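Results of the structural survey
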Amino acid sequence: MNAGGANARDYLRQLKARGVSPGLERMQRLVAALGHPERATPCVHIAGTNGKGSVAAMLEAALRAAGWRTGLYTSPHLVQLGERIQVNRQPLQWEQLAAYIGEFAPRAQALTDAAGSVAPPSYFEFMTAMAFTHFARERCDIAIIECGMGGRLDATNVVTPEVSVITSIGHDHGEFLGHSLAQIAMEKAGIIKTGRPVVIGRLPAEPETVIRAIAQERNAAVISLPETLGVDPKNYPTTNLEGAHQRENAGVALLSAQFLPARWRITAGLMARALQQVDWPGRWQRLRASNRQIILDGAHNAEGADSLERNLTRLRSETGR
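Note that the structure is a prediction, hence the values are computed from the model and not measured.

Here we take up unusual backbone geometry. Cis geometry is found at the peptide bond from S75 to P76, where omega equals -5 degrees. Structurally, P76 can be placed in the loop between β2 (70-73) and β3 (85-87). Phi at R265 takes a positive value of approximately 55 degrees, unusual for a residue other than glycine. Structurally, the position occupied by R265 is in the loop between α10 (244-258) and α11 (268-274). We classify R265 as partly exposed; its relative accessible area is 49%.

A separate point is the confidence of the model for the protein. In the predicted model, the protein carries a mean pLDDT of 89, and 89% of its residues have values of at least 70. Here residues 1-5 is a poorly scored stretch, pLDDT under 50, and it has 14 contacts once near neighbours within four places are set aside; other chains count.

Relative orientation of the contacting elements helix α4 (residues 94-110) and helix α5 (residues 123-137) amounts to 115 degrees, with a least axis distance of 11 Å. α4 and α5 meet at a crossing whose hand is right-handed. Contacts between α4 and α5 involve Q96, L97, Y100, I101, E103, F104, A105 and A108 from the former and F126, M127, A129, M130, T133, H134 and R137 from the latter. In terms of residue class, the contact of α4 with α5 is made up of 10 nonpolar, three polar and two charged.

Turning our eyes to something else, we now look at α4. Its 17 residues give α4 an end-to-end C-alpha distance of 24 Å, which sits within 8% of 24 Å, the value for a rise of 1.5 Å per residue. Along α4, the largest kink reaches about 35 degrees and is centred on F104; proline P106 follows within four residues of it. Taken as a whole, α4 has its buried residues at L97, A98, Y100, I101, F104, A105 and A108.

Here the focus is the side chain of Q86. Mapped onto the elements of the fold, Q86 is located in strand β3. Of the residues examined, Q86 reaches a relative accessible area of 6% and is grouped as buried. A polar contact is formed between the side chain of Q86 and the side chain of R89, at a distance of 2.8 Å. If we ignore the near neighbours within four places in the chain, the residues touching Q86 are T70, G71, L72, P91 and F135.

According to the stated counting rule, one finds five aromatic pairs in the structure shown. Ring geometry for Y100 versus F104: centroids 5.6 Å apart, planes at 45 degrees, classification tilted. One end of the pair, Y100, and the other, F104, are both in helix α4, four residues apart, so they sit about a helical turn from each other. The same class applies to Y100 as to F104, namely buried. The ring of W94 is capped by R9, whose NZ or CZ atom sits 4.0 Å from the centre of that ring.

Here we take up empty space enclosed by the protein. Under the defined criterion, the tally for this structure stands at one cavity of 30 Å³ or more. There is about 50 Å³ of room inside the largest cavity. Residue composition of the lining of the largest cavity, by class: seven nonpolar, one polar and one charged.

So, about the pairing of strand β6 (residues 163-166). On β6, burial covers both faces: V163 and V165 on one face and S164 and I166 on the other are all buried. Two strands pair when backbone bridges link them, and strand β1 (residues 43-47) and β6 are joined in this way by four bridges, in the parallel orientation. Bridge pairing links A47 to I166 in β6. Inspection of the sheet shows β6 paired to strand β7 (residues 198-200) by three bridges, in the parallel sense.

The next thing to look at is the layout of surface pockets. Size it by volume and the second largest pocket reaches roughly 300 Å³. The wall of the second largest pocket is formed by 13 residues, among which R9, Q80, L81, W94 and L97 lie closest to the centre. At the level of secondary structure, the elements contributing two or more residues to the lining of the second largest pocket comprise α1 (6-17) and α4. If one sorts the elements of the lining of the second largest pocket by residue count, α1 sits on top with four residues. Tallied by class, the residues present in the lining of the second largest pocket amount to six nonpolar, four polar and three charged.

The rules we used
Residues numbered from 1 in each chain as written. Predicted model: local features only at pLDDT ≥ 70, side-chain atom pairs only at ≥ 80, totals over all residues. Heavy atoms only, no water. Helix = DSSP H or I, 4+ residues; strand = E, 2+ residues; numbered from the N terminus. Buried < 20%, exposed > 50% of the residue type's maximum accessible area, 1.4 Å probe, protein only. pLDDT = per-residue confidence, 0-100. Contact = heavy atoms within 4.5 Å. Axes fitted to C-alpha atoms, helices over the stretch in contact; angles between N-to-C directions. Left-handed = near helix turned anticlockwise from the far one by under 90°. Nonpolar A, V, L, I, M, F, W, Y, C, P; charged D, E, K, R; others polar. Expected span 1.5 Å × (residues − 1). Bend = angle between axes of the 7 residues up to and from the residue. Polar contact = N/O pair within 3.5 Å; in protein donor to acceptor, adjacent residues only side chain to side chain. Phe/Tyr/Trp six-rings, centres within 6.5 Å; stacked < 30°, edge-to-face > 60°. Lys NZ or Arg CZ within 6 Å of the ring centre and 35° of its normal. 1 Å grid on protein atoms, 1.4 Å probe; cavity = no way out; pocket = protein on both sides within 12 Å on 5 of 7 lines; lining within 4 Å. Points joined across faces, edges and corners; volume = space filled by probe spheres on them. Pairing = 2+ DSSP bridges.

Here it is as structure tokens:
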């Protein structure tokens, strides 16, 4: 493969064309073939219907402010593919991506047996393995890993995190995760690991019951946003990201930082400062063009649309329009 040419892009397109096929077997084979890069970097693992990326960005900001070299893996990207894989908020460049593709593609192909009974890695699995490897090679101190979809069968669920986080539970990807909130909660709760704490946002009663039951089975302490900080967003920390939902995300990020092992040194004052400096484009992002205000927001499901409508209502009341 010509790693720097069109073949690298073609390879990714071919992987993406195969679609989504949840399961951990292919990912487990791939990381084993690569020497288990997922074990090299401590991490925080984040699942949830909405809020995953914002909480990830908030935690990354705090850890970087504390002096740690951070990895950040999120999806999807807004403009460039390398946005998914960042070290100290520097996206992976295309030349680096192409080099990884050239290196990994033969190994991925070797995992498919002659009879074709073992499927090659998916696009997301390939990208996830690339992220783990990049963080290891860049000697990141800690990585923030966002689930792509669900949790239990998500490609990222080969890590053993310092803390697991479940931000919210709502309806999305029903064809893969189920159509009831209890089913969706069971999938998200799949990221909970034995003896590792899990932080949860404000959840409906039924999915919270499911998550707590799974956490109890795995001897994982549950830290709940409403139990710890209350239900009024005014009780949650402030952030430069706009909207009441971002106050909730800031609360989840704060609790996640507090329940990291003490060696990560995230003080309350440092967290407060970091929450005022979060960079997370495309989430109620205000721009101006030709004297007109433009709002960019990635709401893509019912829960996200509700948050968007609340923000629009607030904006109309502020502007009188």
